[in-house]
Amino acid sequence: MPGPPVIIWEHEVERLLHYRDLIPRLEQALGKFSRRDSAELIQPVRTTVPLHRHHGFLGLMPAYMEKDGVLCAKFVCFYNREASSTLPATQATVVLLDPEYGNVKAVMDGDVITGMRTAAASAISAKLLMRPEAEVLTILGSGKQALTHYSVFTEMFSFKEAEVFAELGEVINRTKPAHREKTTVFKSLGMGVEDAVSAELVYEQWKAKASQP
Ligand SMILES: NC(=O)C1=CN([C@@H]2O[C@H](COP(=O)(O)OP(=O)(O)OC[C@H]3O[C@@H](n4cnc5c(N)ncnc54)[C@H](OP(=O)(O)O)[C@@H]3O)[C@@H](O)[C@H]2O)C=CC1
Ligand SMILES: O=C(O)C1=NCCCC1
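Residues numbered from 1 in each chain as written. Chains lettered and ligands numbered in written order. Predicted model: local features only at pLDDT ≥ 70, side-chain atom pairs only at ≥ 80, totals over all residues. Heavy atoms only, no water.

Enquirer: Quick question: what am I supposed to make of the overall build of the chain here?
Expert: Secondary structure assignment for the chain yields 6 helices and 8 strands. Taken from the N to the C terminus, the helices and strands of the chain come in the order β-α-α-β-β-β-β-β-α-β-α-β-α-α. Computed over the C-alpha atoms, the radius of gyration of the chain is 18 Å, within 12% of the 17 Å expected from 2.2 N^0.38 for a compact globule of 213 residues. When its C-alpha atoms are laid out on the principal axes, the chain stretches across 55 × 45 × 40 Å. Within the chain, the fraction of its 213 residues that count as buried is 38%. Considering only contacts in the chain between residues 6 or more positions apart, those separated by 24 or more positions represent 62%. For the chain, the computed accessible surface area is about 13,000 Å², with 56% contributed by carbon and sulfur atoms. Between the mean site of the 24 positive side-chain charges and the mean site of the 26 negative ones, the chain shows a separation of 3 Å. (Helix = DSSP H or I, 4+ residues; strand = E, 2+ residues; numbered from the N terminus. Rg over C-alpha atoms; globule rule 2.2 N^0.38 Å. Buried < 20%, exposed > 50% of the residue type's maximum accessible area, 1.4 Å probe, protein only. Contact = heavy atoms within 4.5 Å. Areas by Shrake-Rupley, 256 points an atom, 1.4 Å probe, with all protein chains shown as cover. Lys, Arg positive; Asp, Glu negative; His and termini not counted. Charge placed at Lys NZ, Arg CZ, Asp CG, Glu CD.)

Encoded structure:
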């Protein structure tokens, strides 16, 4: 019989998850996603429940990689906060399951995973699409995602300069114009597979550490 789930929280996820391991795994998984082969990967569109009273949403993001035996779901609440708010913009929890038994193997803090997998996916796309002569890293926003993007981009590439435009909230609220000439805006699709790959890596590392004498 499978045992109870392990709980792996923020500091341990931070200790166990590294861009050097995550990037090659994520690159492979994104390739599988692009090939649209449901025998490899099933990722339904994110289900969202509006939290009207709190100006937010609950998003449910499941993903299943049959050949790799990875079954995962992320619960993420995200909000449109007031400028003065000290509450978090997003809060996530990731659940890793055994696809055969159906039991939960691990419950993990999803904030570190969200930050790192989002930044790692951006860095992978930059690796493939960035102009070779690019010298300046430009980041719009100065919150958690800005920080993880700064970390992975400066780890993977050597830019001459980095510039940060902190006014993400004002741009979203349309009270300030975006740096249009420097910005490409993408809609978020809810890439549950990115969380699944990250959670599996964290779990593997956790098991490896737990089995050490
Ligand atoms: N595509 C994806 O997979 C993901 C997308 N996201 C999205 O990325 C964005 C940033 O997330 P994250 O970095 O975690 O959030 P943080 O809360 O860490 O940072 C948000 C930034 O926006 C500013 N801000 C927020 N609201 C306002 C406002 N009303 N007026 C002015 N400034 C504001 C904050 O400024 P200050 O510091 O001054 O408060 C801060 O610089 C969010 O929109 C989030 O939903 C997040 C995770 C994954
Ligand atoms: O994909 C995610 O994870 C998120 N997308 C939108 C904002 C919150 C997190």
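Enquirer: Explain the site of ligand 2 here, please?
Expert: Around ligand 2 lies a shell formed by Arg 46, Met 61, Lys 74, Val 76, Phe 78, Thr 90, Thr 114, Arg 117 and Ser 188. Arg 46 has a polar side-chain atom sitting 3.0 Å from a nitrogen atom of ligand 2. A distance of 3.2 Å separates an oxygen atom of ligand 2 from a polar atom in the side chain of Arg 117. Here ligand 2, which alone exposes 270 Å², has 83% of that area covered by the protein. Residue assignment for the shell around ligand 2 shows that the elements contributing at least two residues are strand S4 (70–79) and helix H3 (111–129). Here the shell around ligand 2 is built from residues that sort into 3 nonpolar, 3 polar and 3 charged. (Near = heavy atom within 4 Å. Polar contact = N/O pair within 3.5 Å; in protein donor to acceptor, adjacent residues only side chain to side chain. Nonpolar A, V, L, I, M, F, W, Y, C, P; charged D, E, K, R; others polar.)

Enquirer: What is the right way to read the environment of Ser 122 from this model?
Expert: By the secondary structure assignment, Ser 122 is in helix H3. In this structure the C-alpha to C-alpha distance between Ser 122 and Phe 153, which are 31 residues apart in sequence, comes to 8.7 Å. Among the polar contacts listed, one links the side chain of Ser 122 to the side chain of His 149, at a separation of 2.7 Å.

Enquirer: When you look at unusual backbone geometry in this model, what are you seeing that I'm missing?
Expert: Glycine aside, residues mostly have negative phi, and peptide bonds are mostly found in the trans state. Its identity is not glycine, yet Arg 36 carries a phi of approximately 55°, on the positive side. By secondary structure assignment, the location of Arg 36 is in the loop between helix H2 (19–35) and strand S2 (47–51). By relative accessible area, Arg 36 is classed as exposed at 62%. Of note in this structure, His 55 is not a glycine but carries a positive phi near 55°. Mapped onto the elements of the fold, His 55 is located in the loop between S2 and strand S3 (56–65).

Enquirer: I'm lost on the site of ligand 1 in this one. Help?
Expert: Surrounding ligand 1, one finds 17 residues, the nearest of these being Arg 81, Arg 117, Ser 142, Lys 144 and Gln 145. In this structure, an oxygen atom belonging to ligand 1 sits 3.2 Å away from a side-chain N or O atom of Ser 142. If ligand 1 stood free it would expose 920 Å²; the protein chains cover 65% of that surface. Secondary-structure elements contributing two or more residues to the shell around ligand 1 are H3, helix H4 (144–156) and helix H5 (168–172). Residues of the shell around ligand 1, tallied by class, amount to 3 nonpolar, 9 polar and 5 charged.

Enquirer: Which parts of the structure should I look at to understand the domain arrangement of the chain?
Expert: Split into domains, the chain comes out as domain 1 (6–117 + 190–211) and domain 2 (131–183). Centre-to-centre separation of domain 1 and domain 2, based on C-alpha positions: 24 Å. Carbon and sulfur atoms make up 54% of the surface buried where domain 1 meets domain 2, a total of about 600 Å² over both sides. Interface area lost by domain 1 to domain 2 is led by Tyr 19, Ile 23 and Gly 115, which between them contribute 64%. Remark: the boundary between domain 1 and domain 2 carries 2 residue pairs in polar contact (both at pLDDT 80 or more). Mapped by element, the contributors of at least two residues to the side of domain 1 that touches domain 2 are H2 and H3. For the side of domain 1 that touches domain 2, the class distribution of residues is 3 nonpolar, 4 polar and 2 charged. (Domains from an automatic or database assignment. Buried area = accessible area lost by both parts, 1.4 Å probe.)

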